[in-house]
Amino acid sequence: SPFIFRGLVRCGTCGCTMSPELHTKANGKQYIYLKCSHLHKNCHQKPVNEQSILQQLERELFGKFRLSPDGIKSLQREVRKKLEQEAGFQEHSKTGIRANISKLNTRKQRMIDIFADGDIDKDTYRTTIANIDSEIETLNNTLLKYEQAGTDIAETVDNIIEIAGNPSFFMKSSKIHEKRALLNLLFSNSTITGKSLCFSLKKTFDLLLNQRECPFWWEWLDSNQLRLKPTDLQSAPALQLR
């Protein structure tokens, strides 16, 4: 069965994973508990009701973590502008990479001609060609990363902002795999100690929670050029709930 917190929470006492378990009461009502695996014998962490953790998150995080519709639109507009600037920078970089690849291919052909004319020995030829091929491969890999990074990123970031602007709504209305994706997007790490969840947010969302206004994002975008982690973007498509 799918569980919201599977693989996302560790025991604050011993560091082991807190695993979700489904329990059914005599009256048929079901509860999910997060339970430490107790791989370390000296850990005394007791199981915690998942619902109590969700209620804590609503009080301490989701209920406070909100942007107005106008704020969300304003932020999305500014992010798109920054993405366009980044796209221009990347296009300039890709042009430079392609030019370097072309130069290396020309150099490679020149080495082939020199070897064919008998002006260099076989070992020198092979070593030189291998080095050129290695440089070309590295540049091609860099070019591929640039091209993959630009795919649908604007739509992805739009969705991230909209969801981050009102996570309480999405936690209540979405499916379990979407809730998991949202928590994975927000949290950098989380542990349970006693009956409480101790969590820290990824830097971007921590700033959004504490300041809740758009201007601070502009400075962050300028310094970071919206370089979200691949794991952030990986989880985002599951959050397209509009």
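Residues numbered from 1 in each chain as written. Predicted model: local features only at pLDDT ≥ 70, side-chain atom pairs only at ≥ 80, totals over all residues. Heavy atoms only, no water.

This brings us to the nonpolar core. In this structure, Phe5, Ile53, Leu57, Leu183, Phe187 and Ile192 are the most contacted members of the largest nonpolar core, which totals 25 residues. Contributions of two or more residues to this core are made by strand S3 (30-36), helix H1 (50-62), helix H5 (167-173), helix H6 (176-186), strand S5 (187-193) and strand S6 (196-201). Not counting residues within four places of it along the chain, the set of residues in contact with Phe5 comprises Leu34, Glu50, Ile53, Leu54, Leu57, Arg180 and Leu183. Counting residues in each nonpolar core, the second largest holds 10 residues, with Ile101, Met111, Tyr125 and Leu143 among its members. (Core = buried A, V, L, I, M, F, W, Y, C linked by side-chain atoms within 4.5 Å. Buried < 20%, exposed > 50% of the residue type's maximum accessible area, 1.4 Å probe, protein only. Helix = DSSP H or I, 4+ residues; strand = E, 2+ residues; numbered from the N terminus. Contact = heavy atoms within 4.5 Å.)

A few words on the packing of aromatic side chains. In the structure shown here, the tally under the stated rule is 2 aromatic pairs. Ring geometry for Phe115 against Tyr125: centres 4.2 Å apart, planes inclined by 15°, an arrangement best described as stacked. With Phe115 in helix H2 (residues 69-116) and Tyr125 in helix H3 (residues 122-149), this residue pair connects regions lying 10 residues apart in the sequence. Taken together, a centroid distance of 5.3 Å and an interplanar angle of 25° make the contact between Phe187 and Phe199 stacked. Within this pair, whereas Phe187 is found in strand S5, its partner Phe199 is found in strand S6, the two being separated by 12 residues in sequence. By relative accessible area, which is 8% here, Phe187 ends up buried. (Phe/Tyr/Trp six-rings, centres within 6.5 Å; stacked < 30°, edge-to-face > 60°.)

What the second largest pocket holds in volume is close to 300 Å³. The wall of the second largest pocket is formed by 16 residues, among which Ile4, Glu50, Gln51, Leu54 and Lys179 lie closest to the centre. Elements with a contribution of two residues or more to the lining of the second largest pocket: S3, H1, H5 and H6. Grouping the constituent residues of the lining of the second largest pocket by class yields 8 nonpolar, 4 polar and 4 charged. (1 Å grid on protein atoms, 1.4 Å probe; cavity = no way out; pocket = protein on both sides within 12 Å on 5 of 7 lines; lining within 4 Å. Points joined across faces, edges and corners; volume = space filled by probe spheres on them. Nonpolar A, V, L, I, M, F, W, Y, C, P; charged D, E, K, R; others polar.)

Taken in spatial order, the 3 strands make up an open sheet running S1-S5-S6, and their pairing is mixed. Of all the strands in the sheet, just strand S1 (10-11) and S6 have a single pairing partner and so form its edges. Bridge count between S1 and S5: 2 bridges; the pairing is parallel. Within the sheet, the bridge partner assigned to Arg10 lies in S5 and is Thr191. Lying over the sheet, H1 contacts S5 and S6, oriented at roughly 45° with respect to S6. Against the sheet, H6 contacts S5 and S6, and its axis sits at roughly 105° relative to S5. (Pairing = 2+ DSSP bridges. Axes fitted to C-alpha atoms, helices over the stretch in contact; angles between N-to-C directions.)

Right, let's talk about the pairing of strand S2 (residues 18-24) for a bit. Two faces belong to every sheet, and in a regular strand the side chains alternate between them. Note: S2 against S3, 7 bridges, orientation antiparallel. Across the sheet, the residue bridging to Pro20 is Leu34, located in S3. Linkage of S2 to S3, two consecutive antiparallel strands, is achieved through a turn of 5 residues, within which Gly28 is found at a positive phi near 95°.

Here the focus is the pattern of salt bridges. On inspection of all chains with the given rule, the structure shows 3 salt bridges. Across the pair Lys94 and Glu91 runs a salt bridge, and its minimum N-O distance is 3.4 Å. Here Lys94 and its partner Glu91 are both found in helix H2, 3 residues apart, which amounts to about one turn of the helix. Residues Arg98 and Glu91 are paired through a salt bridge, measuring 3.7 Å at the closest nitrogen-oxygen approach. Accessibility expressed as a relative area gives 37% for Glu91, which makes it partly exposed. Three or more residues are tied together by salt bridges with common partners; here these are Glu91, Lys94 and Arg98. (Salt bridge = Lys/Arg side-chain N within 4 Å of Asp/Glu carboxyl O.)

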